[in-house]
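Coordinate inspection notes
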Amino acid sequence: MSKKIINEVIDILEDKKYTYTMIEYPEHNRKSVDIVLNSKEPTLIRVSEDKVTKEEISDLKKIAVSTVTASLVVTNEEEEDIVSVKADNVFAVSPEGFKKVINGEKIFLYRTRGGIFIKIRNYILKHKREEMGYSIGDVAKFLGVSRKAIYDYEKGDSDVSLEVAEKLIDLFGDDIIGDVIWDSVKGKKEVIEEDITEFSPESFKSKLIYKLKENGINVLSLKLTAADLIVKDNDNNRYLVTIENKDYNKSMKKFYEAKKLASYTKSELLIIIRTSKMLKECEDLGYKTYEENDIHSLIDEIKGSNGRQS
């Protein structure tokens, strides 16, 4: 992580008096979350001078989509007024673009593999078309596109090119222009989808995922955060599960940082302990712990959480 960019991001946050939490785990390896922004719309932030990896993007997507929030990758590789859509609820912006986001300014240009497009508020487009008495055919003719394209625009299923967006603004006004990040996030439902994880007989984490799924529990695997799993029961209670590793000091750091993430995601933190020494210390610190050889108790905790708030 570039100290120059991270300091720039922190200066922007402090200038606007935002409260934030630094995530310090993993300490030396690549990680998917650097900052948790505590705001009206809580945000995960990854700061990188280099291109982020697929694993980082995957973690950011899973946390953001499962909590209906946004993950922002701040990098010098992006242009000031254009957002790159990396995955559902994961957006890359330049430091200047990040400043605009923090200032509440709308960014409506976004880049995908197909090119550069403009975010349209599809529900406003449909409302204005009907209010002004235009048929779908009328609008299609005006724009020079097919009727199906208009259906797709109004459902939010299709990207809108710069040329088409200009014509739509001429016809309906600039109210139909949306914000790439927040309009996209608000249009998503909270989900925790099936995670396809390669099973390794030697991996305790893989065995745990298998056991949870076997008991009908939804689980997502994280690779580059202090939490190892996001788990959700049938009553929409959400948990972060983190597993003790071989190094005592690193484990304590991992649990502390996982607690920060659990607080941000409004989740309950569950810790799986693999040594008796760690069990005593974690219990003294007030962590909810489960022993490695007693996974059934963990499953019972998750499945028996009726009435608890997420």
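Residues numbered from 1 in each chain as written. Predicted model: local features only at pLDDT ≥ 70, side-chain atom pairs only at ≥ 80, totals over all residues. Heavy atoms only, no water.

Bringing the UniProt feature "domain: HTH cro/C1-type" (unreviewed entry) in the protein chain into the picture now. UniProt marks residues 125-173 with the feature "domain: HTH cro/C1-type" (unreviewed entry), using the numbering shown here. Its end C-alpha atoms 10 Å apart, residues 125-173 is made of 71% helix and 0% strand. (UniProt positions renumbered as here; feature names shortened; annotations may be inferred. Helix = DSSP H or I, 4+ residues; strand = E, 2+ residues; numbered from the N terminus.)

The next point concerns the side chain of Thr69. Within the secondary structure, Thr69 sits in the loop between helix 2 (54-67) and strand 4 (70-74). The buried category is assigned to Thr69, whose relative accessible area is 11%. Here Thr67 takes part through its side chain, which lies 2.8 Å from a polar atom of the side chain of Thr69. (Buried < 20%, exposed > 50% of the residue type's maximum accessible area, 1.4 Å probe, protein only. Polar contact = N/O pair within 3.5 Å; in protein donor to acceptor, adjacent residues only side chain to side chain.)

Right, let's talk about unusual backbone geometry for a bit. The peptide bond linking Tyr25 to Pro26 adopts the cis configuration, its omega dihedral lying at -5 degrees. Inspection of the secondary structure assignment puts Pro26 in the loop between strand 1 (19-22) and strand 2 (35-38). Even without being a glycine, Val68 presents a positive backbone phi close to 50 degrees. Note on placement: Val68 falls in the loop between helix 2 and strand 4. The phi dihedral of Asn89 is positive, around 65 degrees, even though this residue is not glycine. Within the element layout of this structure, Asn89 appears in the loop between strand 5 (82-87) and strand 6 (90-93).

The next thing to look at is the pairing of strand 3 (residues 43-47). By the criterion of burial, strand 3 is predominantly enclosed, with 5 of the 5 residues buried. In strand 3, alternate side chains face the same way, and those of Thr43, Ile45 and Val47 on one face and Leu44 and Arg46 on the other are all buried. Of the strand pairs in this sheet, strand 2 and strand 3 are connected by 3 bridges, and their pairing is antiparallel. Bridging from a neighbouring strand, Leu37 pairs with Thr43 of strand 3. (Pairing = 2+ DSSP bridges.)

Take the sheet that holds strand 7 (residues 109-112) next. One open sheet accounts for 8 strands, arranged 1-2-3-4-6-5-7-8; its pairing is mixed. Unpaired on one side and paired on the other, strand 1 and strand 8 (115-118) mark the two borders of the sheet. Sheet twist, expressed as the average angle between the axes of neighbouring strands with direction ignored, equals 30 degrees. Pairing geometry for strand 1 and strand 2, over 4 bridges, is antiparallel. In the strand pairing of strand 2, Met22 is matched with Ile35. Across the sheet, helix 1 (residues 3-15) is in contact with strand 1, strand 2, strand 3 and strand 4; its angle to strand 1 comes to roughly 155 degrees. (Axes fitted to C-alpha atoms, helices over the stretch in contact; angles between N-to-C directions. Contact = heavy atoms within 4.5 Å.)

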